[in-house]
There are 2 protein chains.
Amino acid sequence: MTLVSQLSNPRSYAVIGTGALGGFYGAKLQKSGLDVHFLLRSDYDWVSQHGLQIESVWGDFQLPQVPAYNNPQKMPPCDVVIVAIKSTENHLLPQILPPVLKPDGVVLVLQNGLGIEPEIAEIVGNHRVLGGICVICSNKIKPGYIRHLDYGMMKLAEYNHNYQSGGITPRLQQIGEDFKKAGVPLDIAEDLLSIRWEKLVWNIPYNGLSVVLNARTDQMMSNPATRVLVEEIMGEVLEGAKGCDRFLEREIINQMLSHTETMTPYKTSMKIDYDQRRPLEIDAILGNPLKMATAGGVHLPRIQMLYQQLKFLDTQNCP
Amino acid sequence: MTLVSQLSNPRSYAVIGTGALGGFYGAKLQKSGLDVHFLLRSDYDWVSQHGLQIESVWGDFQLPQVPAYNNPQKMPPCDVVIVAIKSTENHLLPQILPPVLKPDGVVLVLQNGLGIEPEIAEIVGNHRVLGGICVICSNKIKPGYIRHLDYGMMKLAEYNHNYQSGGITPRLQQIGEDFKKAGVPLDIAEDLLSIRWEKLVWNIPYNGLSVVLNARTDQMMSNPATRVLVEEIMGEVLEGAKGCDRFLEREIINQMLSHTETMTPYKTSMKIDYDQRRPLEIDAILGNPLKMATAGGVHLPRIQMLYQQLKFLDTQNCP
């Protein structure tokens, strides 16, 4: 375990990317009384005038005024900087992160996929990065308006060089407490890489196939051929985790299949990006896991093929 | 080798399915002076009045009158019955074949894929089936009008129970001579299963991916991700052949890749079917080869995944 300092009390937060994810969790934190600063781009004008509106299965609420910014240089340095932009925009982070981060502050990466934390450690230094996964169905409906449809739980963990297990640190507990007080179901975990692979068991098959097959989750589950394919791809994700010395229970596959079967028909985030002709998060969600599995000597033909198909479609969609 | 009788001289032909393939080769045979009878469905009225028109890279020609039928019971029994309907229509063959086949006649299967000949042997008896592959780019543009864009060569072979090698028989040579006299470049082969697997090296990746990725051959070849994927799927086809004790040279992959690279951009037959909302030939082209490979102990994950994806898309397209 690494020596890391505690964060100041109470923590201040910066949200980089005020969309379906960052907007929702940031709003929950601000509503709980914390000091939260939101970085926006296209929605800046609207949100700085009207704040955020949250329609949520946990209860609707409105924040008529939020500290909104369109320039990271104008933001105050914060204790915790939540990264919630699309990973396809991460080339902007070397400009964004340094000014918004307190000397003892940390970056919390809530993006999907693998391999983002090492890039961020390059920018802000080692021992200043945490990662988290969010199991949530939420969409941004219009500027400043977020609809939270289902789930919402998070798992957070420390990032350590090369994804070595980071253990439970005081600052991880502090951040966890902040989210819990804000009403977010949350676990803190000792090992970031395990929870990232666990999330990929869902994200790789459903995000990938939803784009390739132009399909919602319920359509994939009700067709016998794709239901088996989803399960086989999930099996490959477990193999990939094994190649990184992370051993997930096979039972997780059955859990995710049956959760998805009973879930409201859902358009995945990658499918929403595709339909809106935005670049797809292929590298974070498929490419980096493939690289790590390959480095561990594991070969994942179905995920490799899905990656190749998505690369083709992404190029045609956003030339 | 099995004892099979020679065919009468000259041979009469029946063409079951007068489309891009059957219409083209049947017209070539009739033009060479042979007696050819064409079975049609939707195009019957037009063709019985106006005959067939062929626009071909080998030279255009017209047959103002052809013996056209809309009912197999009205056709004369023939020496050679060419099966050129879509394999998704093969449930009609038990009604169609018996009346059009002479007692010593044979059925020549020109459909794509694997596993059709055993079904036809069930209908007409053993030792009465031959199979062939056609390397041709042709499309039916409108009723009775066929456009032949490129290639056109055939390979023919005897079918034997369980695809055991059938050797070179006199009747195989007779049929081969008929096509050659009609101007069709043709090889006769000792082993049907080898030439069927060889054709699948092209058909499985390009037909399958063209539907899943909504892509023409040139688009698949110019994108680095799909170019590699096509090559990997071709490698799996060679593995599948090995599972059936057929050993294709790896060089065939490079030949097909470079042919396809220099070919006129081409919409595959499966993509044309998909766009016209017709059922796809998934079982003949992917399902049956997968079954035979599996029976030989060979596992083909990419082709399996392509099969599952196509099954899904076909169900959505033709519910």
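Because the structure is predicted, anything quoted here is derived from the model rather than measured.

**Section: the relation of the copies chain B and chain A**
Thinking step 1. With an RMSD of 0.0 Å, the fit of chain B onto chain A corresponds to turning through 180° and sliding 0.0 Å along the axis. Interpreted geometrically, this transformation is the action of a two-fold axis.
Thinking step 2. A high fraction, 100%, of the interface residues of chain B reappear at the interface in chain A, so the copies pair face to face through one surface.

**Notes on unusual backbone geometry**
Residues and elements named next belong to chain A.
Thinking step 1. Going from Asn9 to Pro10, the amide bond is cis rather than trans, its omega being -5°.
Thinking step 2. Within the secondary structure, Pro10 is located in the segment before strand 1 (12-16).
Thinking step 3. Its identity as a non-glycine residue notwithstanding, Asn162 has a phi of 60°, on the positive side.

**Side note on the UniProt feature "domain: Ketopantoate reductase N-terminal" (unreviewed entry) in chain A**
Thinking step 1. UniProt records the feature "domain: Ketopantoate reductase N-terminal" (unreviewed entry) for residues 13-160 of chain A in the present numbering.
Thinking step 2. From the first C-alpha to the last, residues 13-160 of chain A spans 22 Å; its make-up is 23% helix and 42% strand.

**Some points on the pairing of strand 9 (residues 145-158) of chain A**
All names here are of chain A.
Thinking step 1. With four bridges connecting them, strand 3 (residues 52-56) and strand 9 associate as parallel partners. The residue of strand 9 that forms the bridge with Ser56 is His148.
Thinking step 2. Of the pairings in the sheet, the one linking strand 8 (residues 129-142) to strand 9 comprises 12 bridges and is antiparallel in character. For Cys134, the partnering residue across the bridge sits in strand 9 and is Met154.
Thinking step 3. Connecting strand 8 to the antiparallel partner strand 9 that follows it, the hairpin turn spans two residues, and Gly144 within it adopts a positive phi of roughly 75°.
Thinking step 4. With three bridges joining them, strand 9 and strand 10 (residues 186-188) adopt parallel strand pairing. Paired with Leu156 across the strands is Ile188, a residue of strand 10.
Thinking step 5. Crossover strand 9 to strand 10 through helix 5 (residues 170-181) is right-handed.

**Points about the domain arrangement of chain A**
All names here are of chain A.
Thinking step 1. Domain boundaries in chain A define domain 1 (12-190) and domain 2 (194-317).
Thinking step 2. Taking only C-alpha atoms, the centre of domain 1 and the centre of domain 2 are 24 Å apart.
Thinking step 3. Contacts between the two partners involve 30 residues from domain 1, matched on the other side by 23 residues from domain 2.
Thinking step 4. For the pair domain 1 and domain 2, the summed buried surface comes to about 2100 Å²; carbon and sulfur atoms form 55% of the total.
Thinking step 5. On inspection of domain 1 and its partner domain 2, the count reaches four salt bridges.
Thinking step 6. With a shortest N-O distance of 3.9 Å, Glu281 and Lys86 are connected by a salt bridge.
Thinking step 7. Counting the contacts that link domain 1 with domain 2 gives 14 residue pairs in polar contact (both at pLDDT 80 or more).
Thinking step 8. Looking at the side of domain 1 that touches domain 2, the elements that each hand over two or more residues are helix 4 (116-124), strand 8 and strand 9.
Thinking step 9. Per element, the largest residue contribution to the side of domain 1 that touches domain 2 is nine residues, and it comes from strand 8.
Thinking step 10. Class assignment for the residues of the side of domain 1 that touches domain 2 results in 14 nonpolar, 12 polar and four charged.

**Things to note about the UniProt feature "domain: Ketopantoate reductase C-terminal" (unreviewed entry) in chain A**
Thinking step 1. The sites that UniProt annotates as "domain: Ketopantoate reductase C-terminal" (unreviewed entry) are residues 191-312 of chain A.
Thinking step 2. For the annotated span residues 191-312 of chain A, helix accounts for 75% and strand for 0% of the residues, and the straight-line distance between the end C-alpha atoms is 34 Å.

**Digging into the interface of chain B and chain A**
Thinking step 1. In this assembly, 25 residues from chain B lie in contact with 25 residues from chain A.
Thinking step 2. Roughly 2100 Å² is buried in total at the junction of chain B and chain A, and carbon and sulfur atoms are behind 66% of that figure.
Thinking step 3. Its largest share of buried area at the contact with chain A, chain B owes to B:Met305, B:Gln308 and B:Phe312, together 32% of the area lost on that side.
Thinking step 4. Counting every contact that joins chain B to chain A gives zero salt bridges.
Thinking step 5. Scanning the region where chain B abuts chain A turns up three residue pairs in polar contact (both at pLDDT 80 or more).
Thinking step 6. Counting residues per element, the ones that place at least two in the side of chain B that touches chain A are helix 6 (192-212), helix 7 (217-222), helix 8 (224-243) and helix 12 (301-317) of chain B.
Thinking step 7. By residue number, the principal contributor to the side of chain B that touches chain A is helix 12 of chain B, which donates 12 residues.
Thinking step 8. Residues of the side of chain B that touches chain A, tallied by class, amount to 13 nonpolar, nine polar and three charged.

**Overview of the packing of helix 6 (residues 192-212) of chain A against helix 9 (residues 251-262) of chain A**
All names here are of chain A.
Thinking step 1. The contact between helix 6 and helix 9 brings their axes to 10 Å, and the two run at 50°. Judged on the interaxial angle alone, helix 9 and helix 6 are oblique. Between helix 6 and helix 9 lies a crossing whose hand is right-handed. Within the contact between the two elements, helix 6 uses Glu198, Val201, Trp202 and Tyr206 and helix 9 uses Ile252, Ile253, Met256, Leu257 and Thr260.
Thinking step 2. When its residues are assigned to classes, the contact of helix 6 with helix 9 shows seven nonpolar, one polar and one charged.

What counts, and at which threshold
- Residues numbered from 1 in each chain as written.
- Chains lettered and ligands numbered in written order.
- Predicted model: local features only at pLDDT ≥ 70, side-chain atom pairs only at ≥ 80, totals over all residues.
- Heavy atoms only, no water.
- Least-squares fit on C-alpha atoms with pLDDT ≥ 70 in both.
- Contact = heavy atoms within 4.5 Å.
- Helix = DSSP H or I, 4+ residues; strand = E, 2+ residues; numbered from the N terminus.
- UniProt positions renumbered as here; feature names shortened; annotations may be inferred.
- Pairing = 2+ DSSP bridges.
- Right-handed = clockwise from strand over helix to strand, strands pointing away.
- Domains from an automatic or database assignment.
- Buried area = accessible area lost by both parts, 1.4 Å probe.
- Salt bridge = Lys/Arg side-chain N within 4 Å of Asp/Glu carboxyl O.
- Polar contact = N/O pair within 3.5 Å; in protein donor to acceptor, adjacent residues only side chain to side chain.
- Nonpolar A, V, L, I, M, F, W, Y, C, P; charged D, E, K, R; others polar.
- Axes fitted to C-alpha atoms, helices over the stretch in contact; angles between N-to-C directions.
- Parallel < 35°, antiparallel > 145°, perpendicular 65-115°, else oblique.
- Left-handed = near helix turned anticlockwise from the far one by under 90°.

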